[in-house]
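Results of the structural survey
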Amino acid sequence: MTDSFGGPKPLRPATLLVHGGGVRTPFGETSEALFLTQGYVFASMEACAARFAGEEPGFVYSRYGNPTVAMFEDRMALLEGAEAARATATGMAAVTAAVMSQVRAGDHVVAARALFGACRYIVEDHLPRYGVASSLVDGVDLDQWRAAMRPETRVLFLESPTNPCLDVYDIAAIAKIAHDAGAILVVDNVFATPMLQKPLTLGADLVVYSATKHIDGGGRCLGGVILGAKALVEADLQQFLRQTGPALSPFNAWVLLKALETLAIRVERQTKSAARIADFLSEQPAVAFVRYPGRADHPHADIARRQMSGGGTLIAFEIVGGKPAAFAFGRALTLIKISSNLGDAKSLITHPATTTHHRLAPEARAALGVTEGLVRLSVGLEDEEDLIDDLKAALGALERNDIAAE
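Cut-offs used in this document
Residues numbered from 1 in each chain as written. Predicted model: local features only at pLDDT ≥ 70, side-chain atom pairs only at ≥ 80, totals over all residues. Heavy atoms only, no water. UniProt positions renumbered as here; feature names shortened; annotations may be inferred. Helix = DSSP H or I, 4+ residues; strand = E, 2+ residues; numbered from the N terminus. Rg over C-alpha atoms; globule rule 2.2 N^0.38 Å. Buried < 20%, exposed > 50% of the residue type's maximum accessible area, 1.4 Å probe, protein only. Contact = heavy atoms within 4.5 Å. 1 Å grid on protein atoms, 1.4 Å probe; cavity = no way out; pocket = protein on both sides within 12 Å on 5 of 7 lines; lining within 4 Å. Points joined across faces, edges and corners; volume = space filled by probe spheres on them. Nonpolar A, V, L, I, M, F, W, Y, C, P; charged D, E, K, R; others polar. Domains from an automatic or database assignment. Salt bridge = Lys/Arg side-chain N within 4 Å of Asp/Glu carboxyl O. Polar contact = N/O pair within 3.5 Å; in protein donor to acceptor, adjacent residues only side chain to side chain. Patch = residues over 30% accessible without salt bridge, like charges linked within 9 Å, V, L, I, M, F, W, Y side chains within 5 Å. Areas by Shrake-Rupley, 256 points an atom, 1.4 Å probe, with all protein chains shown as cover. Buried area = accessible area lost by both parts, 1.4 Å probe.

- The name given to the protein in an unreviewed UniProt entry is O-succinylhomoserine sulfhydrylase, with the source organism recorded as Methylocella silvestris.
- The record held by UniProt for the protein lists under Sequence similarities (unreviewed entry) the comment "Belongs to the trans-sulfuration enzymes family. MetZ subfamily."
- In its Catalytic activity (unreviewed entry) section, UniProt records this for the protein: "O-succinyl-L-homoserine + hydrogen sulfide = L-homocysteine + succinate".

**Considerations on the overall build of the protein**
- Along the protein, the regular secondary structure elements total 15 helices and 12 strands.
- Compactness check: the protein gives a C-alpha radius of gyration of 22 Å against a globular reference of 22 Å for 406 residues, within 12% of the reference.
- For the protein, the spread of C-alpha atoms along the three principal axes comes to 75 × 50 × 40 Å.
- Per-residue burial for the protein yields a buried fraction of 54% across its 406 residues.
- Relative to all contacts within the protein whose residues are 6 or more apart in sequence, the contacts with residues 24 or more apart total 74%.

**Side note on the layout of surface pockets**
- Of the voids in this model, the largest pocket is the one considered here, and its volume is about 880 Å³.
- If you go around the largest pocket, you meet 32 residues; those closest to its centre are Tyr64, Gly65, Glu73, Arg86 and Gln238.
- Mapped by element, the contributors of at least two residues to the lining of the largest pocket are helix 2 (45–52), helix 3 (67–80), strand 1 (84–88) and helix 9 (230–244).
- For the lining of the largest pocket, the per-class residue count stands at 16 nonpolar, 6 polar and 10 charged.
- Roughly 330 Å³ of volume is contained in the second largest pocket.
- Around the second largest pocket, the lining is made up of 22 residues, and of these Met92, Phe116, Asn163, Ser210 and Lys213 lie nearest the centre.
- In the lining of the second largest pocket, the residues fall into 10 nonpolar, 8 polar and 4 charged.
- When residues of the lining of the second largest pocket are assigned to domains, at least three map to each of domain 1 (13–259) and domain 2 (264–401).

**A few points about the pattern of salt bridges**
- A full pass over the atoms with the stated rule returns 21 salt bridges.
- We note a salt bridge from Arg86 to Glu234, for which the minimum N-O separation is 3.6 Å. With Arg86 in strand 1 and Glu234 in helix 9, this residue pair connects regions lying 148 residues apart in the sequence.
- Owing to a relative accessible area of 38%, Glu234 belongs among the partly exposed residues under this scheme.
- Salt-bridge contacts for Lys272 lead to Glu384; the nearest nitrogen and oxygen are separated by 3.4 Å. In this pair, Lys272 sits in helix 11 (residues 263–282) while Glu384 sits in helix 15 (residues 384–399), placing the two residues 112 residues apart along the sequence.
- Assessed through its relative accessible area of 54%, Lys272 is described here as exposed.
- Residues joined in a network through salt bridges with shared partners are Glu32, Arg75, Lys258 and Glu261.

**What about the environment of Leu260?**
- Locating Leu260 in the fold gives a position in helix 10 (residues 250–260).
- Here the alpha-carbon distance between Leu260 and Leu79, two residues 181 residues apart in the chain, equals 9.8 Å.
- Look past the residues within four positions of Leu260 in its chain and what remains in contact with it is Leu17, Phe72, Arg75, Met76 and Ile215.

**So, the UniProt feature "modified residue: N6-(pyridoxal phosphate)lysine" (unreviewed entry) in the protein**
- Here, the residues flagged by UniProt with the feature "modified residue: N6-(pyridoxal phosphate)lysine" (unreviewed entry) are Lys213.
- Examined against the element boundaries, Lys213 turns out to sit in the loop between strand 6 (206–210) and strand 7 (224–228).
- You can call Lys213 buried: its relative accessible area is 17%.
- Excluding residues within four positions of it along the chain, Lys213 makes contact with Val190, Asn341, Leu342 and Gly343.
- Of the polar contacts made by the side chain of Lys213, one reaches the side chain of Ser210; its length is 3.0 Å.

**Re a nonpolar patch on the surface**
- Where nonpolar side chains cluster on the molecular surface, the patch consists of Leu34, Leu36 and Phe251 and spans about 290 Å² of accessible area.
- When its relative accessible area of 32% is taken as the criterion, Leu34 is described as partly exposed.

**Some points on empty space enclosed by the protein**
- The full count for this structure, using the stated rule, is 1 cavity of 30 Å³ or more.
- Within this model, the largest cavity holds a volume of roughly 40 Å³.
- Lining of the largest cavity is provided by Pro161, Leu166, Phe191, Ala192, Pro293, Met308, Gly311, Gly312, Thr313 and Leu314.
- Of the residues that constitute the lining of the largest cavity, the class distribution is 7 nonpolar, 3 polar and no charged.
- For the lining of the largest cavity, the domains that each give at least three residues are domain 1 (13–259) and domain 2 (264–401).

**Focus: unusual backbone geometry**
- Here the residue pair Ser160 and Pro161 is connected by a cis peptide bond, since its omega of -5 degrees sits within 30 degrees of zero.
- Structurally, the position occupied by Pro161 is in the loop between strand 4 (153–159) and helix 7 (171–180).
- Going from Asn163 to Pro164, the amide bond is cis rather than trans, its omega being 5 degrees.
- Along the polypeptide, Pro164 turns up in the loop between strand 4 and helix 7.

**A look at the domain arrangement of the protein**
- Here the domain parsing of the protein yields domain 1 (13–259) and domain 2 (264–401).
- In this structure, domain 1 and domain 2 have C-alpha centres spaced 27 Å apart.
- Each partner contributes residues to the interface: domain 1 has 38 residues there, and domain 2 has 38 residues.
- In total, about 3000 Å² of surface goes out of reach between domain 1 and domain 2, with carbon and sulfur atoms giving 60% of it.

Have a look at this one:
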């Protein structure tokens, strides 16, 4: 990419999100083209053979690669500062592929205990079925990471900030532990978004996203993406994706490309609103505590300041009175919607103990801080005053006992 005078000039993230990775057809369309095709035609058998052998560039089958999907991958790689990216049908497909492609029977994976429920399933239940042992640790405690390492450890896996309690882990320190043992670090960066945190610059080897969340940001489609060094992505990971087939739909890739154009302004606005709302919630009698990485009272505020450029779009807080009060509070909201999704233009709230983390045993949830009164708020693009009014009314009704508990 060059500037308007023809000279090389690094482009900033907001500009990359609009122009990065774009390829135009001879028709010169303004918007990226949508290629809804399964396969491709070759000029000759010789050309087809050369394409399949990787001797000439081009697409061979849309399970392996597609022009619209490739534009999404290229734009994400430019934004993340990665050498390569591969898109997947969902965020969980990205997590599964990133981890499974790196291990073999007899290997070992260490993961932070605080993970999204489906990620815990992959680590705790799925990997052992294929002879891959796993260990869970307190992600904050670096000594636990070190103690869990074995000669056969191949992958360390974490998300930061975590779902749903927004713990923040020292990615650089954990990356060093991984590399000292000859392992790689995979980081799920979905809560921070690529706008607020760059795990690759902190030492991570692979970064994964559920593009379903902030990257789409409109509740329209599913998607995932894995990013990292070219050598790592094009080795076992690319072969795993090619043969197992979790390909991103070209239509979804096109939706995600268009969504990326507004990602910077959306995250900036949502983060600003979230910081204000977190401060408001911290002053409410019906709220036992607030967890927001942008606040000075966050238990890992020093790490958050060091590796994140903002507090993010999500807030975790506990309603006094446990599950009955949390449910009553949810019923009293009129603007904020109840949903297990996040990163949307609409503000969404969920009760993790009965949704995202319901499959964990009560003692496992308690160890993570997922209490019966905990709720997770994903702040959207509404006017922050309207959101505060909605929260204030629901909390006020709860305090006055105007709403019945379940």
